[in-house]
Amino acid sequence: MNAVITTSRITKTYQIGEIQVHALRGIDLSVQSGEFLAIMGASGSGKSTLMNLIGCLDVPTSGRYYLDNIDVSSLTKNEYADIRNKKIGFVFQGFNLLSRTTALENVELPLFYDRSRRIKNPKQAAREALERVGLSDRMDHVPNQLSGGQQQRVAIARALVNQPSILLADEPTGNLDSRTSVEVMSVFQELNEQGITILIVTHEDDISRYAKRIIKMRDGHILDDSPIKKATSARQILEIMKEED
Amino acid sequence: MLQLSNLLKASFTSIMKNRMRSLLTSLGIIIGVSAVIVMVGIGSGSQKRIAKEISSLGNNMIIVFPAFSMRGGVSRGAGSFNRMTMEDVEAIREEATQVQYVSAVVMSAGQVVGNGNNWSTSVQGVDPEYQHIRVWEISSGEFFSDRDVRTLKKVAVLGKTVADKIFGSMDPIGQKIRIRNTPFKIIGVLKEKGQDARGQDQDDIVYAPSTTVLYRLKGDRYVNSINASAVTLESIGKAQEEIMTILRREHKIEPGQNDDFNVANQTAITEMASETSRIMTMLLGAVAAVSLVVGGIGIMNIMLVSVTERTREIGIRMSVGARGQDILTQFLLEAVVLSVTGGIIGILLSFGIALILNNWTTVNTSIGSGIVALSFTFSAAIGIFFGFYPARRAAALNPIDALRYE
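Computed from a predicted structure; not experimentally measured.

Rules of the game
Residues numbered from 1 in each chain as written. Chains lettered and ligands numbered in written order. Predicted model: local features only at pLDDT ≥ 70, side-chain atom pairs only at ≥ 80, totals over all residues. Pairing = 2+ DSSP bridges. Helix = DSSP H or I, 4+ residues; strand = E, 2+ residues; numbered from the N terminus. Axes fitted to C-alpha atoms, helices over the stretch in contact; angles between N-to-C directions. Contact = placed C-beta atoms within 7 Å. Nonpolar A, V, L, I, M, F, W, Y, C, P; charged D, E, K, R; others polar. Core = buried A, V, L, I, M, F, W, Y, C linked by C-beta atoms within 7 Å. Buried ≥ 20, exposed ≤ 12 C-beta atoms within 10 Å, placed from the backbone.

(A) Spotlight on the sheet that holds strand β7 (residues 166-170) of chain A. Residues and elements named next belong to chain A. Strands sit in the order β6-β7-β8-β3-β9-β10 across an open sheet of 6 strands; the sheet is mixed. Here the strands that pair on one side only, and so sit at the sheet edges, are β6 (88-91) and β10 (221-227). Geometrically, the sheet is characterised by an average inter-axis angle of 15 degrees between neighbouring strands, direction not taken into account. Here 5 bridges tie strand β3 (residues 36-41) to strand β9 (residues 213-218), and the two strands are oriented parallel to one another. Of the residues in β9, the one forming a bridge with glycine 41 is methionine 217.

In structure tokens:
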């Protein structure tokens, strides 16, 4: 198997005034291509910090991080930006879409910053990404014309459009009701079935059971790392929900 | 860096998507620029008007009056002892080197009759040089010549008021008027000067050759005053000395004896003029400075208010792979476009306001290119700086910190 993510003794320390906060105290993690990983833990356990480091949105205080066998921790700021652009799709809890900007334009945004121009027709690619998350009829809507679930699906399409090695999601269902949460998870499962490596951060057991592997964190350490033999199918849950209605 | 054209397109898109913010930002610059230009324009318009009014009194003027006489301890007032003649005027004209123009002034008054109308006005006999001393401009025809003076020609130049009263809309040139039964041919009409500082109508006047008025109209041999103008403002003192020396010699006044004339000059007025102009300049500077600062603060406020929103936007852009310089370039272009557009609109607006003020009110505005350039540069610089500054700070953050910014 091919390791997409390898971290070795990653730490992150925040300086808040006089106090040093050790958010991560040496994380060793390896994620193979095609995995669906859920990182769990109470708030303050360091799970979001780990996710931000893996997503190259933040830099570790010490330790090494290899993404697709590239030593990311030694890169310059611009190379960091390019890694974010080409290899990573990130989905946030709060969606983080550009306001007053249509779904299609939001999805196109990563391609605008792609210097290699490896995707020849950005508009077409953005349209396809939106079709993949089932939003082909909402392309010209701006975020505040969309429901939370729809906004999150736009964000997922944006994360997919640049064909990343990994798709990261930090509490992707945190702002959504349970029905919409299942819908979003079913989108993730579908993408994972198509071969995309997915990492999500969540504190809900309900959500983590859709993953294939669960990591539990506490106080900056990995407490437990165990595979799930049979992940729950979000699609089936959705069908059950429909029948109940 | 990405292609500049793409980033410029992104800037335009962002401006158009955030119309209200763009409008408010530009509005700050529009108001800043136009307020400064109009305020300073009003100031310098007034300054020019004052300068014009002072210069219309005459250039570096020196006036010689006859002195008063004392008889048995009783002063009989200025002019009660008049011995100034045409010969004195000629002597000054020939000898005084610091005097540029000199003219006799012979005062008379009377009913002017012509074209079936009549008007009581002041008739003054002067020499052709008088036109330059008092800065009179001709609106039609011409001023009389030295030859007219030598030949006691019965010609006259009318002030605007007199021309209007006697001839109305008719062209007075070539027409005849009678002043105390002496016929005069009109050869010129003066341009309107308006009221002087004392509120007297300067255009209610008839000028004729000094000799004509003195010998034909008054039958006298003494002139009422001599007007002269010095070569420069600085030479007024010297010119005055020369005139006094010449007149004392002409009048055979022994050393120790009192002058039988008084010499006055415009130094006081000139000093007042330059003092006024100095105060006006200071006032203009202060007004411009205050306006620029107020405009600048307005621009700054709007720019800083949008920092939170913009920092989050920058976080989003960076999280999907924008490099620091992509962000900087886009935001810089945005700030430049908004500031320059706002500045240009502000300049046009101020020209419009100036046009309205000049045509529909008594306020005079005069817009100089200096203040236009200054206000534009200053406002644009503030706009660009405060548009660019949040971007610069945010682009230096880690994307996650920019996203969390509040």
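And the narrative resumes.
(B) The interface of chain A and chain B, seen in detail. Counting residues at the interface gives 21 residues for chain A and 17 residues for chain B. Mapped onto the side of chain A that touches chain B, the elements with two or more residues apiece are α2 (77-87) and α3 (103-112) of chain A. Top element by residues in the side of chain A that touches chain B is α2(A). It accounts for 6 residues. For the side of chain A that touches chain B, the per-class residue count stands at 8 nonpolar, 5 polar and 8 charged.

(C) Summary view of the nonpolar core. Counting 117 residues, the largest nonpolar core has Ile39(A), Val107(A), Leu130(A), Ala157(A), Leu167(A), Leu168(A) and Leu199(A) as the members making the most contacts within it. Per-element tally for this core: the top contributor is helix α12 (residues 369-396) of chain B, with 11 residues. Apart from residues no more than four positions distant in its own chain, Leu168(A) is found in contact with Met51(A), Ile54(A), Gly55(A), Ile88(A), Gly89(A), Phe90(A), Val91(A) and Leu199(A). Val64(B), Val99(B), Val123(B) and Val223(B) belong to the second-largest nonpolar core, a separate cluster that totals 51 residues.

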